[in-house]
Each structure stands twice: as structure tokens, then as C-alpha cells.
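# Examining the three-dimensional arrangement
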Amino acid sequence: MPKKSPRNPRRSSSKPAKTAKPANAAKRGAKAPRARRAGVWRTAANSDRHELYELAVQEVVAECDFIDKAWRAHRGRLATTIREDFCGTAKACTEWARRRPTNHAIGVDLDRSVILWGERRHRAHLPESIASRITILEANVLDVATPEVETILAMNFSYFIFKDRATLVAYFRRCFESLSKDGLLLCDAYGGSEAHSEVEEERSLDGFTYVWDQNQYNPITGDVVNHIHFRFPDGSEMKRAFTYRWRLWSLPEIQDAMREAGFAKTTVYWEGTDHKTGGGNGVFKPSTRGEACAGWIAYIVAEKGAPKPATRKGKRAGSPAKARSK
Ligand SMILES: C[S@@+](CC[C@H](N)C(=O)[O-])C[C@H]1O[C@@H](n2cnc3c(N)ncnc32)[C@H](O)[C@@H]1O
């Protein structure tokens with residue numbers, strides 16, 4: 001059975017490996033996390049769960065690259081405004097605002113503690129010219145009122161928290177209403193045969209081990225309980241640093257709900273195959289035919305308003321190939 005992205009769905013093979021080092025962080029002048037900082041090894045006692053989460057799970061540069069790719073492909077231009085739903089530390093908002101001086105970002109999360117952590121870590125020391133273009137709201141994405149935005153980002157499967165169809169559709173409708181008339185909703189999803197298994201997978205990172213624990217799967221309801229644990233070289237462990245009680249939605253269910261909420265078109269971006277390994281090659285392209293692999297991650301682009309008309313060659317202007325050549 002071919003296997004695309006690693007079983008652990010919180011890391012797509014699309015995203016650059018991030019074992020030791022955060023080269024990006026170093027480039028941006030942030031303090032580079034190290035296995036041993038000032039002679040101290042990471043342990044459960046001296047570690048911060050949000051820092052480890054960001055190191056192990058998030059790739060905000062790749063996320064913002066995907067926003068640009070989707071806008072070029074589906075709208076033939078770049079967006080300026082995003083809303084990062086379920087923003088947590090709002091690292092993607094920061095990356096978006098840094099990226100271009102015309103960019104603006106709104107983050108929405110209902111957990112004040114994670115918002116404050118992100119404020120201290122990412123936004124407190126930003127130049128005013130960047131910080132002034134980021135707004136963070138402590139609110140529920142189901143009823144938040146925000147100015148119109150061009151893009152809504154709901155990444156790392158956070159909307160799987162909505163377990164019944166009516167609430168999922170209500171969330172997508174809220175997104176629809178908040179978007180500009182040509183706006184795009186971008187989110188991800190995971191699945192594959194192993195997504196329906198109760199398994200634990202470890203990944204060694206810079207001075208700690210990240211553990212994705214698919215602890216429970218209920219085939220009757222589709223409900224899952226997933227934990228993230230962090231283990232350290234001294235044998236200590238941060239057990240259940242994060243817990244997610246989700247419904248494992250399928251791609252057709254998600255797209256049906258998006259269309260019911262009013263979106264004109266949905267496109268699944270499926271990962272290509274690395275023919276040497278049989279795994280994913282990190283390149284996501286619009287696709288209507290996936291593979292029944294053991295574990296996959298896909299992106300979904302939901303378009304408000306009419307899709308861009310076809311060009312004379314029969315191809316959509318700004319197709320991903322064209323976007324790449326720009
Ligand atoms: C899996 S984390 C996502 C963090 C980050 N955006 C990422 O991509 O990794 C989920 C976040 O969603 C927030 N959250 C859960 N339900 C929410 C809701 N109804 N409205 C706003 N935020 C919510 C939680 O507080 C948590 O910070």
C-alpha cells in the first residue's frame with residue numbers, strides 16, 4: 001500500500017524537515033532553539049509546550065507560500081488580507097505581516113493563554129510597521145465578527161473540532177460571510193487507512209521527541225482522540241501536552257459542507273508521489289483522483305464567487321505551473 005505523508009498527520013512531507021536547527025528562526029533573528037541551550041539539555045521541567053508545538057508541528061512559511069500559490073492559481077493575483085482561524089500563537093499571522101508591507105492579518109482564538117504566549121513570543125518585539133498590521137481577537141470562530149478578508153486559513157485540522165455536520169456547515173457559512181466576494185477559504189485534512197487506527201508514532205527532533213498518539217478512534221461516530229506528548233533525553237516526559245477531540249471528516253464530507261455553506265467551488269490539492277520511496281514528494285497539485293494510501297494530508301481551497309474563467313489554451317490562468325514560473 002503506498003504511503004504518502006507520514007502517518008503522523010501533523011507533519012506533512014510537503015514541509016521541509018525540521019529536525020535540528022530552525023534555520024528560518026535563525027535567519028529572522030529569533031533565538032534559535034537548540035538541543036542544548038547555554039549548556040542545558042531540554043527536559044520536561046525546563047521546556048515550554050507551545051515552543052515545542054511550534055517546532056514540531058508548524059511550518060508557517062509553507063502555509064503562507066500555499067496562500068500565495070492558491071491566490072495565483074485561482075485568482076491570478078496575490079492576496080493582502082488573511083484571517084487565521086484557530087490561530088493559537090498566531091505565528092502564521094506574524095509571517096504573513098512580515099512577508100509584504102501591504103499584508104494584514106487577523107488571528108482568532110478563544111484561548112487567552114495561548115494568545116498571550118504568542119504576543120510575548122512573536123509580536124511584542126516586532127517593529128511597529130509590522131505589528132500594526134496584525135490584530136488578534138479572543139473569540140469563537142463560530143460567531144466572530146471581523147472586517148471582510150480575502151483569505152481564511154484553518155490549518156492543522158482545527159475545524160475537526162466541530163463534530164456534527166450542522167456546526168461544520170455553520171462554521172463554513174461564517175467563513176463565507178466574512179470573505180470578500182472573490183475570497184478563498186484554505187484548510188487541510190488528513191486521512192488514509194492508518195488514520196482509523198489507534199497508533200502512536202515518534203519523531204526525533206532537536207533535543208526532544210515528538211509523539212503523535214492516535215489514542216482513540218470510534219468507527220461509529222468517526223470521533224478521534226489524539227494526544228501530543230513530548231519526551232526528553234533525560235527520560236522525562238510532557239505527557240498529553242495537547243489533546244484533540246475531533247471528528248475525522250472525509251474530503252467529500254468537507255467539500256459537501258463547504259458547498260452547502262455557499263462556496264462556488266472546492267479544489268483538493270493532493271500530494272504527488274516520490275517514485276523512489278513510494279511516499280509523498282511534497283508537491284501538492286489540484287487533483288480529482290487520490291490514492292488509497294495509508295496516510296495522507298491534503299489541502300482544500302474553497303472559492304467564494306465564480307472561479308477564474310478558462311484561458312484559450314483550456315487551462316486556468318495562473319495554474320500552479322504558471323504560478324511557479326513567476
Ligand atoms: C490545533 S490548535 C491550532 C494552532 C495553529 N493554528 C496551528 O495551525 O497549528 C487549535 C486552536 O484552536 C483553538 N480553538 C478551538 N476551538 C475554537 C473556536 N471555536 N474558536 C476559536 N478558536 C478555537 C484552540 O484554543 C487552539 O489554540
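Residues numbered from 1 in each chain as written. Predicted model: local features only at pLDDT ≥ 70, side-chain atom pairs only at ≥ 80, totals over all residues.

Our next topic: the overall build of the chain. In terms of regular secondary structure, the chain is built from nine helices and 14 strands. Evaluated residue by residue, the chain yields a buried proportion of 42% over its 326 residues. (Helix = DSSP H or I, 4+ residues; strand = E, 2+ residues; numbered from the N terminus. Buried ≥ 20, exposed ≤ 12 C-beta atoms within 10 Å, placed from the backbone.)

Right, let's get into the sheet that holds strand 10 (residues 223–231). Within the open sheet, the four strands sit side by side as 8-9-10-11. Their pairing is antiparallel. Of all strands in the sheet, those with a lone pairing partner are strand 8 (200–204) and strand 11 (237–247), marking the two edges. In this sheet, neighbouring strand axes are inclined to one another by 20° on average, regardless of whether the strands run parallel or antiparallel. The pairing of strand 8 with strand 9 (residues 209–217) spans five bridges and is classified as antiparallel. Among the inter-strand pairings, Arg203 is bridged to a residue of strand 9, identified as Tyr210. Its contacts with the sheet put helix 2 (residues 49–57) on strand 9, strand 10 and strand 11, and the angle it makes with strand 11 is roughly 65°. (Pairing = 2+ DSSP bridges. Axes fitted to C-alpha atoms, helices over the stretch in contact; angles between N-to-C directions. Contact = placed C-beta atoms within 7 Å.)

This part takes up the nonpolar core. Soluble, globular proteins show a tendency: their nonpolar side chains are buried together. Among the nonpolar cores identified, the biggest contains 62 residues, and Ile67, Ala70, Cys93, Leu153, Leu185, Leu186 and Ala298 are the most heavily contacted of them. If we skip the residues at most four places from it in the chain, Leu185 touches Ile152, Cys175, Leu179, Phe263 and Ala302. The next biggest cluster of nonpolar side chains, apart from the first, holds 14 residues, and it includes Tyr53, Phe208, Val211 and Phe232. (Core = buried A, V, L, I, M, F, W, Y, C linked by C-beta atoms within 7 Å.)

Now for the site of the ligand. Around the ligand, 17 residues are found, and the nearest of them are Phe86, Gly88, Asp111, Val141 and Asn156. Tallied by class, the residues present in the shell around the ligand amount to ten nonpolar, five polar and two charged. (Near = placed C-beta within 6 Å. Nonpolar A, V, L, I, M, F, W, Y, C, P; charged D, E, K, R; others polar.)

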